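Tertiary structure, described
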Amino acid sequence: MKDVQIEESWKQVLKLEFEKPYFQTLREFVRSEYATGLIFPPAKRIFSAFDHCPFDKVKVVILGQDPYHGKGQANGLCFSVAPGIQLPPSLQNIFKEINADLGKPIPKTGDLTRWAEQGVLLLNATLTVRENVAGSHQNKGWEIFTDSVIQILSTQKSHLVFLLWGSFAQKKGQIIDASKHLILQSPHPSPLSAHRGFFGNHHFSKTNDYLSSNGSSAIDW
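Attention here is on the structure that accompanies the text. (Residues numbered from 1 in each chain as written. Predicted model: local features only at pLDDT ≥ 70, side-chain atom pairs only at ≥ 80, totals over all residues. Heavy atoms only, no water.)

Looking now at the pairing of strand S6 (residues 182-186). Every regular strand shows the same layout, with side chains that alternate between the two sheet faces. Examined bridge by bridge, strand S5 (residues 161-165) and S6 share five bridges and lie parallel to one another. Bridge pairing in S6 links Leu-164 to Gln-185. (Pairing = 2+ DSSP bridges. Helix = DSSP H or I, 4+ residues; strand = E, 2+ residues; numbered from the N terminus.)

In structure tokens, the structure reads:
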């Protein structure tokens, strides 16, 4: 479908997906939502996760659920917020674990574009949301689309690292081929669950060790 504005390599990989009836329905729903309400992220950033991380560059996949639904937060990358926005609690905990795991200082900005540009696909299950209405765009077709993305990555690539935090991501990740990829699972970084095993999971050093052992460069978290 020519009018899906997404990075070219992904456009080629997903072209059959864009032609499926569910995606046509989803596209009409999303268009009408943006035309009639305040929807996040901004329309031009719906596919930011793909735009900043071309298909052939993907090394790591982090699965989120929904974009942030507060004004100015969502920038199209899961767990990431636009520059200048206060760090959400889950992102604070992610940075705390990186600090404990790798000794890196906690960043001032929550914009994770620099991760995406190194090959980290920051993929939410649902790519849009209505302002202040969490989950408002669930079960409209996005989950089918993002399942297809995961399936394609699992099938067509090897030696990726999938970070699955929390039961939602773990359930969605059941389609990943564990014989050819590293799947790291732990509780979610949310304050409600981080102390039950997200802290101390060492996912960031484990990711880099696996990438290095398979001939890829490590991520500068």
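The next point concerns the pattern of salt bridges. Pairing of side chains with opposite charge becomes possible as their charged atoms draw close. As enumerated under the stated definition, the model contains seven salt bridges in all. Two residues, Lys-172 and Asp-147, come together in a salt bridge whose shortest N-O distance is 2.6 Å. Placement of Lys-172 in helix H8 (residues 167-172) and of Asp-147 in helix H7 (residues 142-156) is noted, with a sequence separation of 25 residues between them. Lys-172 sits in the buried class, given a relative accessible area of 9%. Residue classification places Asp-147 among the partly exposed positions, given a relative accessible area of 30%. Each of the salt bridges in this network shares a partner with another, and the network as a whole consists of Arg-27, Glu-28 and Arg-31. (Salt bridge = Lys/Arg side-chain N within 4 Å of Asp/Glu carboxyl O. Buried < 20%, exposed > 50% of the residue type's maximum accessible area, 1.4 Å probe, protein only.)

This part takes up the sheet that holds S6. Reading across from one edge, S3-S2-S5-S6 is the order of the four strands in this open sheet, with parallel pairing throughout. Each edge of the sheet is formed by a strand with only one pairing partner; in this case those strands are strand S3 (120-124) and S6. Strand after strand, the sheet turns through a mean of 20 degrees between neighbouring axes, direction not considered. Strand direction decides the pairing type here: strand S2 (residues 60-64) and S3, joined by five bridges, are parallel. Note on S3: the bridge partner recorded for Leu-63 is Leu-123. Contacts from H7 reach S2, S3 and S5, with the element oriented near 150 degrees to S3. (Axes fitted to C-alpha atoms, helices over the stretch in contact; angles between N-to-C directions. Contact = heavy atoms within 4.5 Å.)

Read these as geometric descriptors, not functional statements.
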